[in-house]
Number of protein chains: 2
Amino acid sequence: MQYLKIKDAIFEQIESGQLGQKLPSERKLAESFNTTRITLREALSLLESEGKLFREDRRGWFISPQPLIYDPTNTTEFPAMAMAQGRNPRSELLSAELVKPNKQIAQLLQTTTEDELYRIKRLRFLDNRPVVVVTNYILPSFFPNLLETDFTHSLSIIYREQFNRIYSKTRYRVSTTSLTGSTATALRATAGSPAMFVERLNYDQYNNLIDCDLEYWRHDAICIQSLATLKNA
Amino acid sequence: MQYLKIKDAIFEQIESGQLGQKLPSERKLAESFNTTRITLREALSLLESEGKLFREDRRGWFISPQPLIYDPTNTTEFPAMAMAQGRNPRSELLSAELVKPNKQIAQLLQTTTEDELYRIKRLRFLDNRPVVVVTNYILPSFFPNLLETDFTHSLSIIYREQFNRIYSKTRYRVSTTSLTGSTATALRATAGSPAMFVERLNYDQYNNLIDCDLEYWRHDAICIQSLATLKNA
DNA sequence: GAGTGGTCTAGACCACTTT
DNA sequence: AAGTGGTCTAGACCACTCG
């Protein structure tokens, strides 16, 4: 159980601020604990699972900043939410296209794999660290010619100001998964890094299902929080 | 990237039902893919992160059953919730004591580390698989002599029927972490297994903070889901 | 008692990032 | 050009589970 001791030792060094934002190389750390890289990586991976460290692919290990508090029942756009918590947000548009959805998405939006949907992919940063890939699938019937708009604004603002649609109800799901493929790459993560997956189905003020969100978060970058009035029997 | 191919191959075998509920031994699997145990375990760990497989410590690898849909805004007790989804629930009381809380808990419940609290630990099973360790910290002022009650019933029923307190509001947080120590052992998990952590602060019908829940779930056993009316600016 | 998973050693090569 | 992380090999021992 050597790796547990190493884990605790590294954690103490993190807490006491002896390590910078970036950890020393695996070889140096392994040597300093008198062990092999495999065992050292076991310890680092544990700290990664616990959300105390994160990796950037081939760049090394870093200490995780405070997570963003994320309330799925709040429509506040990402930039406003981040700034309210003293963070510096930034977004990059990855793509905006009209596509035929796969079966899973078609089912979510109660349409077919033959009916095209708008798909908007974004990469969002916190303090210059990429933390989430967000994919929106949007029903075109409610938003004609959406692709001609300027996506520097958030979707909820575009919906409200250009189409008079206001998010009013959401059905969200949260589960854990791991990052793969282009999502992992965009987040500078190694394939297999732990992730938090948030799926949202959004309804407008007339109770029409208008779009869905698929969000893949670096799992240490987010803490879901909400206040709820309980439904009693 | 051999382990990615192995991962996909194992996943296909899972989907097509070629594997039983329990996987063959690591040595056999490694041999069948012409690789070493280390690489094979890399592939299995990925599937574990994705929630498709889980491990029981020294017992082997198993295919994950469907996750339980868990709505944090619903007070339905665990047994009722599980049965409504066609699952077979069971609970074990691990301990029920009066203890001094640590700093974190004291802060959560707005008390001090000197004031004792009831602490109730439970292990919950789904279809005979241990899936979550739940720890409740309860403010004794609202529930005199709580420890003398029979804990075969759920807490919310005891609160309602013996103390006239009804859960009416909750502040919940969801994050990911990993299992360690006695929590891991209770869940038959290896230290470091990925986990979903749910923290709840519960209020009664008079808006008094009455208790908190700390829940460590095997991450593949749960999918958080809720419906929310959005708070618009 | 046989076999298993958990842990660890001591290397190696490559592609990539960084200096 | 040097160093790094990602990946992989080919073993080993132990404590534990299971038949």
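Cut-offs and rules
Residues numbered from 1 in each chain as written. Chains lettered and ligands numbered in written order. Predicted model: local features only at pLDDT ≥ 70, side-chain atom pairs only at ≥ 80, totals over all residues. Heavy atoms only, no water. Core = buried A, V, L, I, M, F, W, Y, C linked by side-chain atoms within 4.5 Å. Buried < 20%, exposed > 50% of the residue type's maximum accessible area, 1.4 Å probe, protein only. Contact = heavy atoms within 4.5 Å. Domains from an automatic or database assignment. Salt bridge = Lys/Arg side-chain N within 4 Å of Asp/Glu carboxyl O. Polar contact = N/O pair within 3.5 Å; in protein donor to acceptor, adjacent residues only side chain to side chain. Helix = DSSP H or I, 4+ residues; strand = E, 2+ residues; numbered from the N terminus. Phe/Tyr/Trp six-rings, centres within 6.5 Å; stacked < 30°, edge-to-face > 60°. Lys NZ or Arg CZ within 6 Å of the ring centre and 35° of its normal. Pairing = 2+ DSSP bridges. Near = heavy atom within 4 Å. Axes fitted to C-alpha atoms, helices over the stretch in contact; angles between N-to-C directions. Expected span 1.5 Å × (residues − 1). Arc of directions from axis to C-beta.

Let's shift gears to the nonpolar core. Of all hydrophobic cores here, the largest spans 36 residues; its most connected members are V174(A), W217(A), I224(A), V174(B), W217(B) and I224(B). Sequence-distant contacts of W217(B), defined by excluding residues within four places in its chain, comprise L68(B), Y70(B), F78(B), V131(B), V132(B), A195(B), M196(B), V198(B) and I222(B).

Time to look at the domain arrangement of chain A. Residues and elements named next belong to chain A. When the domains of chain A are assigned, the result is domain 1 (2-63) and domain 2 (68-224). The C-alpha-based centres of domain 1 and domain 2 are spaced at 32 Å. Between domain 1 and domain 2, the residue contacts involve nine residues of the former and 10 residues of the latter. Taken together, domain 1 and domain 2 are joined by one salt bridge. One salt bridge in this structure joins E56 and R188, with 3.3 Å as the shortest N-O distance. Inspection of the region where domain 1 meets domain 2 yields six residue pairs in polar contact (both at pLDDT 80 or more). Breaking the side of domain 1 that touches domain 2 down by element, the ones donating at least two residues are α3 (37-49) and β1 (53-56).

We now examine the packing of aromatic side chains. Applying the stated criterion across every chain, the model contains 16 aromatic pairs over all chains. Taking the centre distance of 6.5 Å and the plane angle of 50° together, the rings of F78(A) and W217(A) count as tilted. Placement of the pair is F78(A) in helix α4 (residues 78-84) and W217(A) in strand β9 (residues 209-218), with a sequence separation of 139 residues. The exposure class of F78(A) is buried, given its relative accessible area of 7%. In this structure W217(A) comes out as buried when scored by relative accessible area, which is 2%. Note on F142(A) and F143(A): the rings are 6.5 Å apart at their centroids and 70° apart in plane angle, and the pair reads as edge-to-face. The exposure classification of F142(A) matches that of F143(A), with both residues buried. One aromatic cluster is present, formed by F142(A), F143(A), Y159(A), F163(A) and Y167(A) through successive ring pairs. One Lys or Arg, K169(B), reaches over the ring of Y203(B) and ends 4.5 Å from the middle of that ring.

Residues and elements named next belong to chain B. Taken across its 10 residues, strand β8 (residues 194-203) has nine buried, putting it largely inside the fold. The sheet contact formed by β8 and strand β9 (residues 209-218) spans nine bridges and is antiparallel. Bridge assignment links A195 to a residue of β9, and that residue is R218. The loop that links β8 with its antiparallel partner β9 comprises five residues; one of these, N207, has a positive phi angle of about 70°.

This brings us to the protein's contact with DNA strand D. Neighbouring residues of DNA strand D: 23 residues in total, closest E26(A), R27(A), R37(A), R41(A) and Q2(B). Considering DNA strand D, the proportion of its atoms within 4 Å of the protein that are sugar or phosphate atoms stands at 70%. One of the side-chain nitrogen or oxygen atoms of R41(A) is found 2.6 Å away from a phosphate oxygen of DNA strand D. In the model, a base nitrogen of DNA strand D is placed 3.4 Å from a nitrogen or oxygen of the R58(A) side chain. Of all the elements in the fold, those that place two or more residues in the surface near DNA strand D are α2 (26-32) and α3 of chain A together with α1 (2-15) and α3 (37-49) of chain B.

Attention now goes to the sheet that holds strand β4 (residues 89-99) of chain B. The strand order β3(A)-β10(A)-β7(B)-β8(B)-β9(B)-β6(B)-β5(B)-β4(B) describes an open sheet built from eight strands, whose pairing is mixed. Two strands in the sheet have a free side with no partner beyond their single neighbour: β3 (68-70) of chain A together with β4 of chain B. Taken pair by pair, the neighbouring strands of this sheet meet at an average axis angle of 20°, ignoring direction.

In this section: helix α1 (residues 2-15) of chain A. Residue and element names in this part refer to chain A. The first and last C-alpha atoms of α1 sit 20 Å apart over 14 residues, in line with the 20 Å expected at 1.5 Å per residue. Of all the positions in α1, only Y3, I6, K7, I10 and I14 are classed as buried. End-on view of α1: buried residues confined to an arc of 105°, all on one side of the axis. Set apart from the buried face of α1 by more than 90 degrees, the exposed residues are K5, E12 and E15. Buried-residue contacts for α1 involve α3, β1 and β2 (60-63). At the C-terminal side of α1, G17 shows a positive phi close to 75°.

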